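Given next are the chains, with one letter for each unit.
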Amino acid sequence: NLVVDEEKDIVEQILEDNITLNNDESVVMIIDDDTSMLMYLKEELQKQGWYVVAIADPLKAVSTYYDVHPDCLIIDVFMKEHNGFEVLTFLKQKMKQQFVPTIMMSVKNQKDIRLKSYEMGADEFVAKPFELDELIVKINRHLERKKHIDNLLLIDELTRVYNRKYLQKAFQQLEADLSRNNHPFCMAMLDLDYFKKINDTYGHLVGDNVLKQFATFMNDHSRNGDLVVRFGGEEFVLLFSQMKINNAYNVLNRLLHKFSLLEFTGGEDSFICTFSGGIVEVNQAGKPLSHWLDLADSALYEAKEHGRKNIKL
Ligand code: GH3
Ligand code: MG
Ligand code: MG
Ligand code: MG
């Protein structure tokens, strides 16, 4: 039996695939004890470019949940051993605060089944037999919504740039590029100078506005593929993809010069704001993000010691 064999290896297969799994590839998990339905759906949904995990044993679905990390769940309501509602209950506990769109499926298209599906937190009920193209469009919508919601969690509310949580993900992608193609990249840690004084003199709202303008400025001046992250408070991390350190150093100095010319208003006054920065070239795969952050942070410390408004390697 194809499906049973597949289940045995499902964890290894996923762990293996995860290495090559494109970060943008959506994972769809289907749980249905009808193996011919499983195989059919798996084949069809894979054609959409989704990574499909098809599982006939509901308990297996629960135990492999954290390995699979699905972006969308499709659960059959009536299965031999555990019904789909039980499975959904187990899976909901695993999901915790995460949003995972869930589609319940059943041949019994009855109001009580539909109601129960929604009451238990499913996002959609699909009656069997279904129209494949319609199901695909529905799944697609759910995946888009999931992406949108996940993205919101990675964006800093005040400045609208990525937050620290996203940095790890971006670092991994650039590091993969480094080990594959030997493309080094640069990481800069930037910190606004005497920012506390801006807050103390003009108030927090003015300070907030400076942070927003700074983030916007950096975003507007970054190339495609570069990244601006609010690391915390008035500290930002910039990633320059495929760039050597001398180049990054020159780019940052130009940005520092340009930013320092901007005038901000606080009450009746106008003022300027500068920043200091430390950069490292990430030219060696296998070291954790924290290693490079520490180096960039030490360089930043030197820049501060050196009187601020400057960049150090
Ligand atoms: P240095 O040049 O050494 O970096 O001095 P600094 O004053 O910038 O550094 P310090 O770490 O003493 O102060 C940082 C300040 O940033 C303190 C904190 O209140 C402020 N801050 C952090 N997050 C926010 C924010 O979201 N909005 C505003 N307005 N201020 C913030
Ligand atoms: Mg069934
Ligand atoms: Mg600081
Ligand atoms: Mg500061």
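Per an unreviewed UniProt entry, the protein chain carries the name Diguanylate cyclase (GGDEF) domain-containing protein and comes from Litchfieldia salsa.

A. Representation of the sheet that holds strand β13 (residues 311-312) in the model. If you walk across this open sheet you meet the 6 strands as β6-β8-β9-β7-β12-β13, and the pairing is mixed. The sheet is open, and its two edges are formed by β6 (162-163) and β13, each paired on a single side. Inspection of the sheet shows strand β12 (residues 275-282) paired to β13 by 2 bridges, in the parallel sense. For G277, the partnering residue across the bridge sits in β13 and is I311. In the packing of helix α11 (residues 204-220) onto the sheet, contacts are made with β7 (185-192), β8 (227-232) and β9 (235-240), and the angle to β8 comes to roughly 155°.

B. Inspection of the nonpolar core at higher detail. Counting 45 residues, the largest nonpolar core has C186, M187, A188, V237, L238 and I279 as its most contacted members. Here this core takes 7 residues from β7, the largest share from any one element. Those residues in contact with A188, other than ones at most four positions away along the chain, are V237, L238, A248, L252, G277, G278, I279 and A296. Formed by 29 residues, the second largest nonpolar core is a distinct cluster that contains V27, I30, I31 and L88.

C. How the structure looks around the environment of Y51. With respect to the helices, strands and loops of the structure, Y51 is situated in strand β2 (residues 51-55). Taking the C-alpha atoms as reference points, Y51 and Y118, 67 residues apart in sequence, are found 26 Å from one another.

D. Local environment of the sheet that holds strand β3 (residues 72-76). Read from one edge to the other, the open sheet built from 5 strands follows the order β2-β1-β3-β4-β5, with strand pairing classed as parallel. Either end of the sheet is taken by a strand with one partner, and the two such strands are β2 and β5 (124-127). Here the strands of the sheet are splayed against their neighbours by 20° on average, with no regard to which way each runs. Relative to strand β4 (residues 102-106), β3 runs parallel, the two sharing 4 bridges. From the neighbouring strand, I75 faces β4, where its bridge partner is M104.

E. Structural view of helix α9 (residues 164-181). Counted at 1.5 Å a residue, the expected span for α9 with its 18 residues is 26 Å, and the 26 Å between its end C-alpha atoms agrees. Within the span of α9, buried status applies to L167, A170, F171 and L174. Around the axis of α9, the buried residues are gathered within 110° of arc, so they sit on the same side. For α9, the exposed residues set more than 90 degrees away from the buried face come down to K165, Q168, K169, Q172, S179 and R180. Contacts made by the buried residues of α9 are with β7, β8, β9 and α13 (289-305).

F. Geometry of the environment of Q168. Summarising the element assignment, Q168 is placed in helix α9. C-beta crowding within 10 Å serves as the criterion here: with 11 such atoms nearby, Q168 is assigned to the exposed category. In this structure the C-alpha to C-alpha distance between Q168 and L252, which are 84 residues apart in sequence, comes to 22 Å.

G. The pairing of β3, seen in detail. For β3, a buried count of 5 out of 5 residues is recorded, marking the element as mostly surrounded by other parts of the structure. Here β3 shows two buried faces, one formed by C72, I74 and D76 and the other by L73 and I75. Where strand β1 (residues 27-31) lies against β3, 4 bridges are found, and the strand directions are parallel. Its bridge partner lying in β3, I30 is registered against I74. At this point the chain moves from β3, through helix α6 (residues 84-95), to the parallel β4, and the crossover so formed is right-handed.

Thresholds, definitions, all that
Residues numbered from 1 in each chain as written. Chains lettered and ligands numbered in written order. Predicted model: local features only at pLDDT ≥ 70, side-chain atom pairs only at ≥ 80, totals over all residues. Pairing = 2+ DSSP bridges. Helix = DSSP H or I, 4+ residues; strand = E, 2+ residues; numbered from the N terminus. Contact = placed C-beta atoms within 7 Å. Axes fitted to C-alpha atoms, helices over the stretch in contact; angles between N-to-C directions. Core = buried A, V, L, I, M, F, W, Y, C linked by C-beta atoms within 7 Å. Buried ≥ 20, exposed ≤ 12 C-beta atoms within 10 Å, placed from the backbone. Expected span 1.5 Å × (residues − 1). Arc of directions from axis to C-beta. Right-handed = clockwise from strand over helix to strand, strands pointing away.

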